[in-house]
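# Fold and geometry: a report
Given next are the chains, with one letter for each unit.
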Amino acid sequence: MAMLFDPGALDSLSEDAISDILHDWAHFCSLTTSLLSLSQDGPHSQLGPTVASLCNRGLAFLLQDHFLLSLEEAFKRSAVKKFWQQFDSYFDASAIEKAKFHVQESWPEEILTKSLEQICSEKRSQENCLLLLIEALKSYEEERNTDHSQLISRYQLMVSSVLLTTLPWDFPDVLRIYFKKKLEELNSMMADGDNDELDINTDNFPNDACYSYMDTSMYECNGLVMQIGRVVSDLRSLGFTSMAEDAYSSAIFLLLKAKVNELAGDDYRVPVLWSLKKWIRAVPLQFLHDLLGYLGDSIEGEKDSPSVKSPLASQPSSVPGIGIPSEALVRWQLRLEYFAYETLQDLRIGKLFEIIVDYPDSSPAIEDLKRCLEYTGQHSKLVDSFISSLKYRLLTAGASTNDILHQYVSTIKALRTIDPAGVFLEAVGEPIRDYLRGRKDTIKCIVTMLTDGTGGNSGSSGNAGDSLLEELNRDAENQDGAEFEEDGGTDEKQAWLNAERWEPDPVEADPLKGSRNRRKIDILELMVGIIGSKDQLVNEYRVMLAEKLLNKSDYDIDSEIRTLELLKIHFGESSMQKCEIMLNDLIDSKRTNANIKATLGKSVATGPEQGEIDVSLDILDATILSSNFWPPIQEEELNIPSSVDQLLSDYGKRFHEIKAPRKLMWKKNLGTVKLELQFEDRSMQFTVSPVHAAIIMQFQEKPSWNSKSLAAEIGMPADALNRRIAFWISKGVLTESAGAGPDDPFFTIVDSMSDFNKNGLASEGCQLMEEESERSVASVEEQLIKEMTVFEKFILGLLTNYGTATLDKIHNTLKMFCTSEPTYDKSLHQLQSFLSDLISEEKLEMRDGSYSLKK
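The structure reproduced in this document is the subject of the present report. None of the values given here were measured: they were computed from a predicted structure.

Assigned secondary structure in the protein chain consists of 34 helices and 11 strands. Burial status across the protein chain gives 42% buried among its 855 residues. Partitioning the intrachain contacts of the protein chain with sequence separation of at least 6 by distance along the chain shows that 72% fall at a separation of at least 24. Here the protein chain has roughly 46,500 Å² of accessible surface; of this, 51% comes from carbon and sulfur atoms.

What follows is the structure, given as structure tokens:
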């Protein structure tokens, strides 16, 4: 072993010994300079004796340090400075943005390859010199198996230190740009190869030409991988291992991100994940396999080795074109697939609002998002992002209640696919439900969706799948299945299978809501949750059904019966009893109407001034209502022509004979009348309300009427007449002119076509419907106000005694004391709405959440 140098030992040396040491040291320095300059080969043989002489004096470590220092100085002088000068034009600190643009667009890639080759060649030359020193040291050592790898490690550390201390800060960007361009070129080659492969399968080329072209394409790809591999190998030898891996990793992930954006795009009708995973295996994974194999890092997995299972993505036992992947390649595959899942997930979450608007056409995008979330577990990101989109794009004053409900239904269906347990639907749906509770027409739109699926808007943008009738049908099918299951029972084997498939709720789940209850929630339950109670929904449906039945011109109620049966399954028969009686009234009316017509036949009615007019019962169809079960009917005084009045009287007498002791009380303002108006040169058909029919029939007596006289004749206020007669003016049947006073205009019938065309209105002889009619039934709001008026004095008296009271206190007091007829059975929301009306009437005021009398 070499002796450590002891400076104190020089005192015991003679002058001749010191002179010999100085001579040998000078000779060693000269030989070192000669070796590094590569100017001559002769003195290399003198290195061994000189090193042996110095080692005998205990100077082995000193000469090693000197040799390494000389290598460092030479490396800095001849290699490092020249290496960085190659990139000086791209590292202009005064024009960084311009330099980066220059590097990205027109940077000559061969500069990096050439510079690495030159500096690595210089490094290999110095390593050869170092090997000569190691051989000289070994010739001195008594034990020839002494390990001198530490000297090589010190040299490698020196090279890395020198390069890293002089590293320009933009050099990592140069590496990233280089690998990015090379990988894009490789991807383009492989994409062209795929296209060529498609062409090869045709009959346009002979087989030998096809295989030759494929071999050429594969040869080009392999050559490009080898170029990249040489650059990575050179960077590793210079100590840039981590920087090189970061650079080509960044380039791979950038290429993968671009591929995700290309495949995903704005088309939500095509699944993306399968194509994406196929591309990962075909391009980046194949490249990494070839690269790691070139670098010597790829160790093929043995057949008997256990396969690595990914906690994030499925891992096949074999990859096409690669075989059984190595351990390093498996890790790369998991990283790439996870990045692809996360990138696609972020894209889909960012466009989730548009995806749900297109649902169910966008089901493939929803399925992809579901699989991504299963691997990443980032459901909270979906919830936060989607709630933000809803608040800024949907829950605004400009969005109609109909559109909000359709979007909410689509959201429920889409998120039910992603999360069947409904955990995240609770968080996403809460802002929508809170907002809809503040809309006055929410209940009406929900009920319309339950009956015809349009949400009260025939031109709705909602999908056909948004109709709640679908949910009613599905609920009925599930009900049948549940009854069958209850009758047949569940066998023990199925019970065990259900138990094995049980999974706990996610950590984001609300602990106050059990998983059993959550999984039973369906769309209709969520809609009822918006309204507050099923009674409110049933009341609104009852009003809407009454309006629809009263406006029918026939007895066709098959669709209404089907809807009612579905609602009875969901809400119970007792809740829908009054609605069932209303439909039975129409069924009974049809039968009674046929009986009366069969017995009476033809009746003759005589008008007091019009002479004798034949009126047949065939033109009359009556709807007979059980008034106790229908909503309050809107009544309006109306004088109808005597011939029609006589016909109603005859009909009523015959009904009394058949159904004694019951009698008919006619609602003359309700119903529909089909009219045919005949003029001098034309005829026109209309279907209108009895009020409009009574107005136009008065013009049979005389062609012109002033407003007040006509109103008195019909028996209605003049302002109501002016509002209703505007319909006939808009159809070109009547004209309006100035009368004796500003509130008494003059109306004249338009007899001829020439006068009709002068008014600038089209002449149509087809049937026309009145665009907007008055409501036949009092709305739920009007009924609520009428019912709550009974409790108004009680509320005012309570506030007189207590001074102030909160909403809860008023509600609880009314429930406690108002137990006899009329019974207080209103919800908190309904009471709050009534109190708001009293505030608007300046009867009450509210401060700090408490109500008091207006002072």
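Now, onward.
What follows deals with the pattern of salt bridges. Enumeration according to the criterion identifies 21 salt bridges in this entry. In this structure, the salt-bridge partner of Glu792 is Lys843, at a minimum N-O distance of 2.6 Å. Residue Glu792 is found in helix H32 (residues 792-802), and its partner Lys843 is found in the loop between helix H34 (828-840) and strand S10 (844-847); the two are separated by 51 residues along the sequence.

A few words on the packing of helix H14 (residues 363-376) against helix H16 (residues 401-418). Packed helices, taken two at a time, are described by the angle their axes make and the gap between the axes. Where H14 contacts H16, the two axes come as close as 9 Å, and the packing angle between them is 40°. Classified by the interaxial angle, the pair formed by H14 and H16 is oblique. For the crossing formed where H14 meets H16, the hand is right-handed. Packed against H14, whose contacting residues are Ile366, Glu367, Leu369, Lys370 and Leu373, the element H16 presents Ala414, Thr417 and Ile418 at the interface.

A separate point is the pairing of strand S6 (residues 734-741). Bridge count between S6 and strand S7 (residues 744-749): 5 bridges; the pairing is antiparallel. Note on S7: the bridge partner recorded for Ser737 is Phe746.

Along the chain, Val270 turns up in the loop between helix H9 (241-264) and helix H10 (273-282). Given a relative accessible area of 43%, Val270 falls into the partly exposed group. Between the C-alpha atoms of Val270 and Pro364, which are 94 residues apart in sequence, the distance is 5.7 Å. Discounting chain neighbours no more than four positions away, the residues touching Val270 are Arg348, Pro364 and Asp368.

This part takes up the sheet that holds strand S5 (residues 704-706). Read across the sheet, 3 strands follow the order S5-S7-S6 without closing on themselves; strand pairing throughout is antiparallel. The open sheet has two edge strands, S5 and S6, and neither has a second partner. Taken over all neighbouring pairs, the strand axes of this sheet differ in orientation by 25° on average, direction set aside. Pairing between S5 and S7: 3 bridges, direction antiparallel. Looking at S7, one finds that Trp705 is bridged to Phe747. Of the strands in this sheet, S5 and S7 are in contact with helix H28 (residues 707-714), which crosses S5 at around 95°.

Overall, antiparallel pairing links the 3 strands, which are arranged S9-S11-S10 in an open sheet. The two strands at the open ends of the sheet, each matched to only one other strand, are strand S9 (804-806) and S10. Across this sheet, the average inter-strand angle for adjacent strands is 35°, counted without regard to direction. One ladder, built from 4 bridges, connects S10 with strand S11 (residues 850-853); its direction is antiparallel. For Glu845, the partnering residue across the bridge sits in S11 and is Ser852. The strands touched by H32 within the sheet are S9, S10 and S11, with S11 carrying the most contacts at an inclination of about 95°. Strands in contact with H34 are S10 and S11; relative to S10, the strand with the most contacts, it is inclined by about 110°.

Once that is clear, we can look at the nonpolar core. Counting residues in each nonpolar core, the largest one holds 85 residues, and the members touching the most others are Phe171 and Phe179. What Phe179 contacts, discounting residues up to four positions off in sequence, is Ile228, Val231, Val232, Leu235, Ala244, Ala247, Tyr248 and Ala251. Ranked by size, the runner-up nonpolar core spans 66 residues in total, among them Ile404, Ala546, Leu567 and Leu670.

All right, on to empty space enclosed by the protein then. Taken as a whole, this structure holds 2 cavities of 30 Å³ or more when the rule is applied. Computed from the structure, the second largest cavity encloses a volume of approximately 40 Å³. In this structure, the second largest cavity is lined by Leu183, Leu186, Ile252, Leu255, Trp279, Val283, Pro284 and Phe287. Of all the secondary-structure elements, those providing two or more residues to the lining of the second largest cavity are helix H7 (171-200), H9 and helix H11 (284-295). A class-by-class count of the residues in the lining of the second largest cavity yields 8 nonpolar, no polar and no charged.

Rules and cut-offs
The numbers attached to residues start from 1 for each chain and follow its sequence in the written order. The predicted origin of the model limits local features to residues at a pLDDT of at least 70 and limits the giving and counting of side-chain atom pairs to 80 or more, whereas totals for whole chains, interfaces and linings rest on all residues. Excluding hydrogens and water, the side-chain figures rest on all heavy atoms present in the structure. Secondary structure is summarised from DSSP: a helix means a run of H or I of at least four residues, a strand means a run of E of at least two, and numbering begins at the N terminus for each. Whether a residue is buried, partly exposed or exposed follows from its accessible area with a 1.4 Å probe, protein chains only, as a fraction of its type maximum: under 20%, in between, or over 50%, in that order. By definition, residues are in contact when any of their heavy atoms lie within 4.5 Å. Here the Shrake-Rupley method, with its probe set to 1.4 Å, supplies the accessible areas, and only the displayed protein chains count as covering residues. Salt bridges are defined as contacts in which a side-chain nitrogen from Lys or Arg sits within 4 Å of a carboxyl oxygen from Asp or Glu. Working convention: axes come from line fits to C-alpha atoms, limited for helices to the stretch in contact. Angles between N-to-C directions cover 0 to 180 degrees. Any angle between 65 and 115 degrees counts as roughly perpendicular, while under 35 counts as roughly parallel, over 145 as roughly antiparallel, and the rest as oblique. A clockwise turn of the near helix away from the far one marks a right-handed crossing, whereas an anticlockwise turn of less than a right angle marks a left-handed crossing. Two strands make a pair as long as DSSP finds a minimum of two bridges between them. In this description, a nonpolar core means a group of buried Ala, Val, Leu, Ile, Met, Phe, Trp, Tyr and Cys residues linked to one another through side-chain atoms lying within 4.5 Å. Residues are called lining when one of their atoms sits within 4 Å of a cavity or pocket point, these points coming from a 1 Å grid over the protein atoms alone, where a cavity is a set in which a 1.4 Å probe fits but cannot get out and a pocket is an open set with protein on both sides within 12 Å along at least five of seven lines. Grid points are joined across faces, edges and corners, and a volume is the space filled by probe spheres set on the points. We call Asp, Glu, Lys and Arg charged. Ala, Val, Leu, Ile, Met, Phe, Trp, Tyr, Cys and Pro are nonpolar, and the rest, Gly among them, are polar.

From the geometry alone we can't say anything about function, so treat these as descriptive.
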